[in-house]
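Structural overview for review
Here's the letter readout for the chains.
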Amino acid sequence: MTETIERRFKKVAPAVEFCSMRLVTTRSEQLWVRQGVLQPMRSVRDQGAMITVIDQGGYGYGATSDLSESGLRTAAEEARAWAHSTRKHSVVDFSSIDMPRPTASYESPVSNSWDDTPLADKIDLLKKGCDSLGGDQRIVDREASLWFTEEETVFLAADGSRACQKLSMIVPDLAVVANQGSETLQRSLGGRGYCRQGGLEVLELVGFHSEGPNLVQEALQLLAAPDCPEEQMSLLLAPDQMLLQIHESIGHPLELDRILGDERNYAGTSFVTLDMFGSYRYGSDLLNITFDPDRPQQFASYGFDDDGLPAQREYIIKDGILLRPLGGVTSQARAAISGVANSRANGWNRPPIDRMANLNLEPGKSSFDELVSGVERGVYMRSNCSWSIDDSRNKFQFGCEWAQLIENGELTTVVKKPNYRGVSASFWRNLIGVGNEDTFEVMGTPYCGKGEPNQVIRVGHASPTCLFRDVDVFGGA
Amino acid sequence: MHNLLYNLCDHLSAQLKGAEILNCSLDGETSEFVRLNQGAVRQAGSVKQAYLELCLIDGQRQAGARLSLTSDLATDQAAAATVLTELRDRIPHLSDDPHLLYNTEVQSSEHHSEDRCPAAAEVIERIVETARGTDFVGLYAGGAIHSAFANSLGQRNGFSSHSFHLDWSLYHRADKAVKCGYAGTEWSDQEFSNKMDQARRELGVLQRSPRTIDPGRYRVYLAPTAVAEVIAILGWGGFGLKSQRTQRSPLIRAVKGEEELASCFNLSEHVGSGLAPRFGKSGFIKPERIQLFEGGRYASPLVSPRSAREYSVTTNGADDNESPVAVEMEAGQTPRDQVLSELGTGVFVNNLHYLNYSDRPSCRLTGMTRFATFWVEDGEVVAPLNVMRFDETFYRMFGEQLATLTRERELLIDPGTYERRSTQSAMVPGAIIDDFTFTL
């Protein structure tokens, strides 16, 4: 079928300076057991194409799920009409941009395919996972879920180049809710951050089979715990909170389209300006951030972005100094600055914009015990459950599911409702400890929202455990 | 597009076996999206999409699937028939669903609006022309939206609307901007010009030197757009029966009668406004109005068919996520033109941003001020305010600390376009609140 659609595209592609088609075919299945009951199973099959035209300085797209010759012709005509009608008003002379002509291919590594395991076995796995979350009257809700997605993209330029990639992704989750009186608290598997590329082998790697009883124990511990104290202290963050910290206060402010102002009406602007790249001290010497699209099994690995630009690993921040933004081919041309291959769309019906992909904090040298032993008074937080940051990506406040005080170099009392707040521009300069490979975890989220029209996209964040000094922390009301 | 669904449902219903029941729903749109920045076009395009959702029910078992449609009847019939067979093959592997509930009383309806939308390319010319010399950034989204439901029992429900939504900001510099919206079914150059003139006037105040205030408690005015942000976050698990019965609702203390709001606080879900379809994917029809809070006290929940069966109550047709789609908050007594004098000295907040819970069981919320927020002294706007973080419980905001609500309300059409153009809306007044806590 794909070959037929490709032939149709070549037939209907208009005679313009540049024309491409991005054909996206997605299938997914969601399985979910809640309170021991299998919830309605839903599968999705989605196929459509976006045709992009650049001509006479203008840019336009037409997207359709009608992949017949006439459907593609209409989409191509719409793309051309938009390029022509807006060419005098474009933010940039699109004709001056050298659009990529990729010839690459990429496929997620999969060793235990979703399709090779019978449906009954997957349901049984989830029932066991859900059962492992019970056993106490104070547990008022519990659920185990698996979300499988396979996405195939074929990128064709009308003048001949062709690239394709096939991504297989798994999002496993366990969550338990405990209640006593008017207090209700929850624990989940990594704050729902253990999403990876691959097959069912991922479940073993992220503790899906074994973590249930620990989550129950921790949820019950929280019910009896005092509130997190309100004071300025050292803050040790586990990878399942670091993923959010990196995402909100490094990833988003470094997106080049935000810096160029495209997002100001929706997701917001950035405190980062173009003149900062190459010299601005974003964090302490310990801060090393990479754009890393080819780490096996990370959630947002790929061979090329949705403008067709081949992806490669780059340092974004090295030894604390800001080096390059997260911007794809169009933003790079507009800003006259080097970026990365991160122009991405969440499907065939949305145009590519600058997104994070895999954005990782590189490991340091400290063991977990060394990080803890160096703290006189602090708190160790795990598993994000609340996130909020201003539209310039500076003033933030985040909350976690679980925390434990650190007193005189020892982990001590469990505390509930831990929150902390700070300012991006100063927070990262207070990074005083970075965990080694043993503390490093590969995580991500399926839910990064941005763009007009709106798009939700997958991103990956890998990080070690990290230690910050002088952070304002607090607890519940 | 609803006829496509009805045809598909007829085609598939003829293939059902034994006591099988089939629920079908469709959502689709033909949209034009034009993104602008600095008064120029960043991305312009058209999207034509349609999705069919099937739910095959056999006894107490169900299996569902969603697939994209081409809009060619023969092609879509063949694809849907293949999916139906797959669902039938899947059902023996599934267990009985004790919470399965679907509508069995046929209640058909049609609600369609006339297409009076402008040609988008012409509108963009007007926008660019009118915005010349300004830093205009935003999105024009327009075209047709379709929803439909059909089942093998003979129920048919169709809904379509043709509308546009221009959602934009006019920037002074950095993060100082006036946020605007213009939504409707028929474009008026004059109305758009008037809105731009108003925004330009407001931009004048933003050119004054901004002020920074210390964290602390202040008297604030939340404009309707800011109030709508607060109500919207409560929709995230607040009003649904499932979240209440599992004790996860941020409003659980109000549900249990442990917390009350001011007696003037009345909130309802009012789908009778006609902006969103009244039918759901299980075929139930939503009542015109559901009272959520009355006289400051929690009144009733949104109940999906699934929760209704699980907790043995009657459904009110809520969607699976049990979130409101057309909230309406009752007005107060203070005329809008007296807001500044009523506020006296304090903070005038037009917009809030990125709200979340900082203590869910206590319904304590955090978030940021955004766009045009002003410092007011003795009833006069003095200066724009740099962004501030708040951290405050909903119970204080609309309970003991609520000073007044405005007499006028605003109908705010959701500009959201995640997956599809939203049909949600909010009708809310502004609110003056005492001792509102800013923390950063």
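Residues numbered from 1 in each chain as written. Chains lettered and ligands numbered in written order. Predicted model: local features only at pLDDT ≥ 70, side-chain atom pairs only at ≥ 80, totals over all residues.

1. Quick word on helix 3 (residues 119-131) of chain A
Residues and elements named next belong to chain A. Over its 13 residues, helix 3 extends 18 Å from the first C-alpha to the last, a length consistent with the 18 Å expected when each residue adds 1.5 Å. Of the positions making up helix 3, those classed as buried are Leu125, Leu126, Gly129 and Cys130. Around the axis of helix 3, the buried residues are gathered within 135° of arc, so they sit on the same side. In helix 3, those exposed residues whose orientation departs by more than 90 degrees from the buried face are Ala120, Asp121 and Asp124. (Helix = DSSP H or I, 4+ residues; strand = E, 2+ residues; numbered from the N terminus. Expected span 1.5 Å × (residues − 1). Buried ≥ 20, exposed ≤ 12 C-beta atoms within 10 Å, placed from the backbone. Arc of directions from axis to C-beta.)

2. Here's the deal with the domain arrangement of chain A
Residues and elements named next belong to chain A. Assigned domains of chain A: these are domain 1 (2-224) and domain 2 (231-474). Here the C-alpha centroids of domain 1 and domain 2 sit 21 Å apart. Taken together, the contact pairs 41 residues of domain 1 with 36 residues of domain 2. Within the residue set of the side of domain 1 that touches domain 2, elements represented by two or more residues are strand 1 (18-34), strand 3 (42-55), strand 4 (58-64), strand 5 (105-107), strand 7 (162-180), strand 8 (183-188), strand 9 (196-197) and helix 5 (212-224). Residues that form the side of domain 1 that touches domain 2 fall into these classes: 23 nonpolar, 13 polar and 5 charged. (Domains from an automatic or database assignment. Contact = placed C-beta atoms within 7 Å. Nonpolar A, V, L, I, M, F, W, Y, C, P; charged D, E, K, R; others polar.)

3. Some words on the nonpolar core
Ranked by internal contacts, the top residues of the largest apolar core, which has 233 residues, are Ala49, Ile51, Leu235 and Val379 of chain A together with Tyr140 of chain B. Looking at which element gives the most residues to this core, the answer is strand 7 of chain A, with 10 residues. Apart from residues lying up to four places away in sequence, Ile51 of chain A is in contact with Cys19, Met21, Tyr61, Gly62, Leu72, Ala75, Ala76 and Ala79 of chain A. (Core = buried A, V, L, I, M, F, W, Y, C linked by C-beta atoms within 7 Å.)

4. Structural notes on the domain arrangement of chain B
Residues and elements named next belong to chain B. By domain assignment, chain B separates into domain 1 (2-206) and domain 2 (216-438). Between the C-alpha centres of domain 1 and domain 2 there is a distance of 25 Å. With 35 residues of domain 1 at the interface, the matching set in domain 2 holds 28 residues. Counting only elements with at least two residues in the side of domain 1 that touches domain 2, the list comes to strand 1 (21-37), strand 4 (109-112), strand 5 (135-151), strand 6 (156-173), strand 7 (176-184) and helix 4 (189-206). Grouping the constituent residues of the side of domain 1 that touches domain 2 by class yields 12 nonpolar, 15 polar and 8 charged.

5. Focus on the sheet that holds strand 16 (residues 359-361) of chain A
Sheet strands line up and pair through hydrogen bonds in the backbone, either parallel or antiparallel. Judged by pairing direction, the sheet is antiparallel, and its 4 strands sit side by side in the order 13-12-11-16 (chain A) without closing on themselves. Across the chains shown, the open sheet's two edge strands, defined by having one partner strand only, are strand 13 (321-322) and strand 16 of chain A. (Pairing = 2+ DSSP bridges.)

6. Looking at unusual backbone geometry
All names here are of chain A. In this chain, Glu452 is followed by Pro453 through a cis amide linkage whose omega measures 0°. Checked against the element boundaries, Pro453 lands in the loop between strand 22 (441-450) and strand 23 (455-463). Positive phi, normally seen in glycine, also occurs at Gln35, with a value near 50°. With respect to the helices and strands, the residue Gln35 is situated in the loop between strand 1 and strand 2 (37-38). Located in the positive-phi region is Asp470, a residue other than glycine, with phi close to 55°. Its location among the elements puts Asp470 in strand 24 (residues 466-474).

7. Overview of the pairing of strand 22 of chain A
Residues and elements named next belong to chain A. In terms of burial, strand 22 is a largely internal element, 7 of the 10 residues being buried. Here strand 22 runs beside strand 23; their pairing, made up of 8 bridges, is antiparallel. The residue bridging Cys448 from the neighbouring strand is Ile457, located in strand 23. Once strand 22 ends, the chain turns through 4 residues before running back antiparallel as strand 23, passing Gly451 with a positive phi of about 90°.

8. Looking at helix 5 (residues 224-234) of chain B
Of all 11 residues that make up helix 5 of chain B, 10 are buried, and the element is covered over most of its length. Looking at helix 5 of chain B, one finds that the buried residues are Pro224, Thr225, Ala226, Val227, Ala228, Glu229, Ile231, Ala232, Ile233 and Leu234 of chain B.

9. Considering the pairing of strand 20 (residues 419-423) of chain A
It is a general feature of regular strands that their side chains alternate between the two faces of the sheet. All names here are of chain A. With 4 of 5 residues buried, strand 20 lies mostly within the body of the structure. Sheet topology note: the strand 20/strand 24 ladder contains 3 bridges and is antiparallel. Bridged to Tyr420 within strand 24 is Val473.

10. Some thoughts on the packing of helix 1 (residues 2-13) of chain B against helix 2 (residues 73-90) of chain B
Residue and element names in this part refer to chain B. Between helix 1 and helix 2, whose axes approach to 10 Å, the crossing angle comes to 45°. Classed by the angle they form, the pair helix 1 and helix 2 counts as oblique. With respect to the hand of their crossing, helix 1 and helix 2 are arranged in right-handed fashion. Only Leu73, Asp76, Gln77, Ala80, Ala81 and Leu84 of helix 2 make contact with helix 1, whose side of the interface consists of Leu4, Asn7, Leu8, His11 and Leu12. Per-class residue counts for the contact of helix 1 with helix 2 are 7 nonpolar, 3 polar and 1 charged. (Axes fitted to C-alpha atoms, helices over the stretch in contact; angles between N-to-C directions. Parallel < 35°, antiparallel > 145°, perpendicular 65-115°, else oblique. Left-handed = near helix turned anticlockwise from the far one by under 90°.)

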